[in-house]
Amino acid sequence: MLVPMKEILVEAKKGKYGVGAFNVYNLETIDVMFSVFDETNSPGILLAGGPDIAHVAAIVKSYTEKYRHIPVALILDHGRDYESAVRAVRAGFSAVMFDGSALPYEENVRITKEVTRLAHTVGISAEAELGHVGQGATDAKEDRKKFFTRPEEAARFVEETGVDALAVAIGTAHGLYKTGSPELDLELLQKLVDAVDIPLVLHGGSDTPLEQIQAAVKIGIQKINIGTDVRMAYLKGLKEAIAENPDAIDPRVFLKKAKAYMKAEAIKKIDAFGSRDRI
Ligand code: 13P
C-alpha cells in the first residue's frame, strides 16, 4: 500500500531502526525492490527523480496495489524547485523532497515552506535538506565539514518550515568516495537528534561502511538513501550476463542476473539497517 513517508519514518523512530530508501528507474528495479520488501517483510521507501517520474509512479502504483500488505512510500528525490514538487504530486508520489541545500538559508526556508504546505494540502510528506551533502567523487573529506548541518540552525529550520523529515550533512557524500571511506560525525548527529524531533535522513549511503550507518541509526537516523550501490550491483549482473551469453537476444536472459545482484545488495542493506520484519 502506498503511504505517506512520514508514517514509515515515525514508526522507525519509535522502533529505533533505519529504513533503506532506494533509487529506482524502471520496471525491473521497481520489481526487484518489491520482491525485496516482500521477502524481508520490511516497509520500504523508493526514490525517483528526473524526467520519467510519471512513468515510475504509474509502475509503483500497480505494485502497491499488488502488494497491499507492504507499506511503501514513493518520494521525489532532490526536487530543485516548487514546480518539480507539483509534478510529483500530480504523478501520485506520497512524498516530495525539496533540496535547497545549496541556496542561502532564507531561500531554502521559503521554498521548503511552500513545498511542505503543498505536500500537507494533499496528505503526503515533505523532506528538506539543511547543510549540504555533496559528491564523493569531487569533494575532499576535509571540505565536506564546511557544509555540515548546524544543530541550532536545524532546530530553527524545522520550526519555520514544518517539514516532516530532514536530510542532514554529517560526513557522507553521494556516489563513490575518491578519498577513502567517510567518517561520520556521530557527536554532531547526537546534537542534531537532541535539537530536532522529526525523523532524520542520511543521503549518500553507498560506499559507506555499514557499521558506521548502524551507529548512526542507533543514535537517530531513520532513512538511509542508497543509489550507487544497488545501481552498481545491477550493472555488474548485467555485464556478467552479457559476457556469459554472447549469442542471446532475449533481454530477459541478461536482466535475470542484474535483478538477482541488485536484490542481494538491497537485502544486505535492509538487514544492516534493521527494518526486516517490521511490517
Ligand atoms: P548514493 O548514490 O551515494 O547511495 O546516494 C543516493 C542518495 O542520496 C539519493 O538521494
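Our structure is the block above this text.
Computed from a predicted structure; not experimentally measured.

The biggest cluster of nonpolar side chains holds 74 residues, and the ones touching the most others in it are Met33, Phe37, Leu46, Leu166 and Leu200. Among the elements that make up this core, the one with the highest residue count is helix H11 (residues 251-273) (nine residues). The residues contacting Met33, other than those within four sequence positions of it, are Phe22, Val24, Leu46, Met262 and Ala266. The next biggest cluster of nonpolar side chains, apart from the first, holds 17 residues, and it includes Ala21, Ile75, Ala165 and Val201.

What follows deals with the site of the ligand. Lining the immediate environment of the ligand, one finds 14 residues, of which Asp77, Gly175, Ser206, Gly227 and Thr228 sit closest. A distance of 2.6 Å separates an oxygen atom of the ligand from a polar atom in the side chain of Ser206. When the ligand sits alone it has 310 Å² of accessible area, and the protein chains cover 96% of it. Listing elements by their share of the shell around the ligand, those giving two or more residues are strand S3 (72-79) and strand S8 (221-226). Tallied by class, the residues present in the shell around the ligand amount to two nonpolar, eleven polar and one charged.

Quick look at the pattern of salt bridges now. Considering all chains together, one arrives at 21 salt bridges under this definition. Note that Lys14 and Glu11 form a salt bridge whose closest N and O atoms lie 3.1 Å from each other. Within this pair, Lys14 and its partner Glu11 are both found in helix H1 (residues 5-15), separated by three residues, close to a single helical turn. Given the relative accessible area of 41%, Glu11 is considered partly exposed. Between Glu39 and Lys263 there is a salt bridge whose closest N-O contact spans 2.7 Å. Of this pair, Glu39 sits in helix H2 (residues 27-40) while Lys263 sits in helix H11; the two residues are 224 residues apart in sequence, bridging distant segments of the chain. A single network of salt bridges, built from pairs that share partners, joins Asp229, Glu265, Lys268 and Lys269.

All right, on to the sheet that holds strand S6 (residues 165-168) then. Hydrogen bonds between backbone groups are what pair the strands of a sheet, and the pairing can be parallel or antiparallel. Spatially, the eight strands close up into a barrel ordered S1-S2-S3-S4-S5-S6-S7-S8, and their pairing is parallel. For this sheet, the mean inter-axis angle between neighbouring strands, taken without regard to orientation, is 25 degrees. Pairing geometry for strand S4 (residues 95-98) and strand S5 (residues 125-130), over four bridges, is parallel. The residue bridging Val96 from the neighbouring strand is Ala126, located in S5.

In this section: unusual backbone geometry. Excluding glycine, a negative phi dihedral is what most residues carry, and trans is how most peptide bonds are arranged. One non-glycine residue with positive phi stands out, namely Lys16, at about 55 degrees. In this fold, Lys16 is placed in the loop between H1 and strand S1 (19-23). Positive phi, normally seen in glycine, also occurs at His78, with a value near 50 degrees. You can see His78 is positioned in strand S3.

What you see with S6 is no split at all: Ala165 and Ala167 on one side and Leu166 and Val168 on the other are buried throughout. Alignment of S5 against S6, held across four bridges, turns out to be parallel. Counterpart to Leu130 in the pairing with S6 is Val168. Judged from the two bridges that link them, S6 and strand S7 (residues 200-202) form a sheet pairing that is parallel.

Right, let's talk about the packing of H2 against helix H3 (residues 53-66) for a bit. Relative to each other, H2 and H3 sit at 30 degrees, their axes nearing to 10 Å. Judged by the angle between their axes, H2 and H3 are roughly parallel. Note that H2 runs across H3; the crossing there is right-handed. Contact residues: H2 offers Leu27, Ile30, Asp31 and Phe34, while H3 offers Val56, Ile59, Val60, Tyr63 and Thr64.

Conventions adopted
Residue positions are given per chain, counting from 1 as you read along its sequence in written order. Per-residue local features are limited, in this predicted model, to residues with pLDDT of at least 70; the limit for side-chain atom pairs, both in listing and counting, is 80 or more; totals at the level of whole chains, interfaces and linings are taken over all residues. Excluded from the side-chain calculations are hydrogens and water; all other atoms, namely the structure's heavy atoms, are used. Here the nonpolar core consists of buried residues drawn from Ala, Val, Leu, Ile, Met, Phe, Trp, Tyr and Cys, with membership extended through side-chain atoms lying within 4.5 Å. Burial classes: relative accessible area under 20% of the type maximum marks a residue as buried, over 50% as exposed, and values in between as partly exposed (1.4 Å probe, protein chains only). Secondary structure follows DSSP: runs of H or I at least 4 residues long count as helices, runs of E at least 2 residues long count as strands, and numbering of each begins at the N terminus. In this analysis, two residues are considered to be in contact whenever any of their non-hydrogen atoms come within 4.5 Å of each other. We call a residue near a molecule or strand when any one of its heavy atoms sits within 4 Å of it. By the criterion applied in these results, polar contacts are pairs of N or O atoms within 3.5 Å in which, for protein atoms, one can donate a hydrogen and the other can accept it, and in which residues neighboring in sequence qualify only through two side-chain atoms. For every accessible area listed, the method is Shrake-Rupley and the probe measures 1.4 Å; residues are considered covered only by the protein chains on display. Amino acid classes used here: Ala, Val, Leu, Ile, Met, Phe, Trp, Tyr, Cys and Pro are nonpolar; Asp, Glu, Lys and Arg are charged; the rest, including Gly, are polar. By definition, a salt bridge exists where a carboxyl oxygen of Asp or Glu is found within 4 Å of a side-chain nitrogen of Lys or Arg. Strand pairing is assigned whenever DSSP detects at least two bridges linking the two strands. The convention used is that axes are lines fitted to C-alpha atoms, helices contributing only their stretch in contact, and that angles between N-to-C directions extend from 0 to 180 degrees. An angle counts as roughly parallel when it lies under 35 degrees, as roughly antiparallel when it exceeds 145, as roughly perpendicular when it falls between 65 and 115, and as oblique in every other case. For any helix crossing, the convention is left-handed if the near helix is rotated counterclockwise from the far helix by under a right angle, and right-handed if that rotation is clockwise.

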